[in-house]
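Residues per chain, in single letters:
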Amino acid sequence: MFHGNISLDIAEGLKLLRKRIDAAEIPSSKLDETLNIATWNIREFGKKKRSEAAIHYIAEIIGQFDLVGLVELRDNLNDLNRILPILGPYWDAVYSDAILDGGGNRERVCYLYDRRACTFNGMAAEASPPRTKRGTEYLPEESFWRSPYLASFKSGNFDFVALTTHIRWGDGEAPRQKEIQLLANWLDAKIKDKSVEDLDWIVMGDFNIPDRQSPLFQALISTGLTIPRALLQDEFGSNLARDKRYDQILHFARYGDDFTLAGGVLDFYASDHKPLFPNLTKAEFTYQLSDHLPLWIQISTDIDGEVLDQLIQRKSGN
């Protein structure tokens, strides 16, 4: 991390923040063996310039991981460009275009990744709903308010596609559930397509799902997505009160139980924002850091054994 010549207040804030980070017990990743992945909704990131302290705190949090899917990055990239030099020269970003209408909320999705741990494989695209021909045009019957954004990565011998989304809030749960089902169906069709780029997918983001008992969550898992084992241990939330599971990380399970080694939330709030921002209200604090906590997992990227097992099974079945 390259914080540089910072003020005494920011230095003290970083020391406190690191104690809160330590409490999350995020294991260090190992080159070509494990990868730490997180999803984080940084509230309206880029809409209004963050303080210098917030920029350093956000960079410190992101730097605990190897690949982060950011939600609510806005059209203005100035604050993102303030963070990258703090993370270091080996960090890079891949991001979508901003959607400028009311539904899109001028938002982007962004992947920040440490090139020492994983590399961008070259594919990045927005998920497009199925289209039907009407007259001379091909038009979707349904749409995403904010198109999910996918990108391909490689870590060790593990190639995968990450998809990050921010599902609408809307006027109620019914339209939200419909959009979640649209995404689940899109993923199902994508995985079954004979030309699919990869069968290993990490699906994450802010789904605006209150808990795993919700019909919204059932729609999300209806076509085969599963929660990594490490995130099934309790019902911890990803909002500041830790009682709502708005954010999710899921995958199509192709490997054993040891694919996901650890997971949880990084609670930078710890029920008290004052030590980090003594002069701000809680609401003001959420516009400096966020009203969401990062949700994270550590996965095993050393999959040689599983690949050999699958090859042997295929050969044995012939």
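Now for a quick tour of the structure.

**Structural notes on the sheet that holds strand β8 (residues 149-155)**
With mixed pairing, 5 strands are arranged side by side in an open sheet as β5-β8-β9-β10-β11. Unpaired on one side and paired on the other, β5 (119-126) and β11 (247-251) mark the two borders of the sheet. Each strand of the sheet is rotated relative to its neighbour by a mean of 20°, with strand direction disregarded. One ladder, built from 6 bridges, connects strand β9 (residues 158-166) with strand β10 (residues 201-206); its direction is parallel. Paired with Val 161 across the strands is Trp 201, a residue of β10.

**Some remarks on the side chain of Asn 41**
Relative to the elements of secondary structure, Asn 41 occurs in strand β1 (residues 34-45). Overall, the relative accessible area of 1% leaves Asn 41 in the buried class. For Asn 41, the side chain forms a polar contact with the side chain of Glu 72, separated by 3.3 Å. Of note is the side chain of Asn 41, whose polar atom sits 2.9 Å from the side chain of Asp 206. Those residues within four positions of Asn 41 in sequence are excluded, and the remaining contacts are Val 71, Glu 72, His 166, Asp 206, Asp 247, Ser 290 and His 292.

**Brief notes about the pattern of salt bridges**
Applying the stated criterion to the full structure yields 16 salt bridges. The salt bridge involving Arg 168 is made with Glu 179; its shortest N-O contact spans 2.8 Å. Here Arg 168 is found in the loop between β9 and α4 (173-192), whereas its partner Glu 179 is found in helix α4, with 11 residues between them in sequence. Each member of the pair, Arg 168 as well as Glu 179, carries the same accessibility label: buried. When salt bridges with common partners are traced through the structure, they connect Glu 52, Asp 79 and Arg 82 into a single cluster.

Thresholds, definitions, all that
- Residues numbered from 1 in each chain as written.
- Predicted model: local features only at pLDDT ≥ 70, side-chain atom pairs only at ≥ 80, totals over all residues.
- Heavy atoms only, no water.
- Pairing = 2+ DSSP bridges.
- Helix = DSSP H or I, 4+ residues; strand = E, 2+ residues; numbered from the N terminus.
- Axes fitted to C-alpha atoms, helices over the stretch in contact; angles between N-to-C directions.
- Buried < 20%, exposed > 50% of the residue type's maximum accessible area, 1.4 Å probe, protein only.
- Polar contact = N/O pair within 3.5 Å; in protein donor to acceptor, adjacent residues only side chain to side chain.
- Contact = heavy atoms within 4.5 Å.
- Salt bridge = Lys/Arg side-chain N within 4 Å of Asp/Glu carboxyl O.

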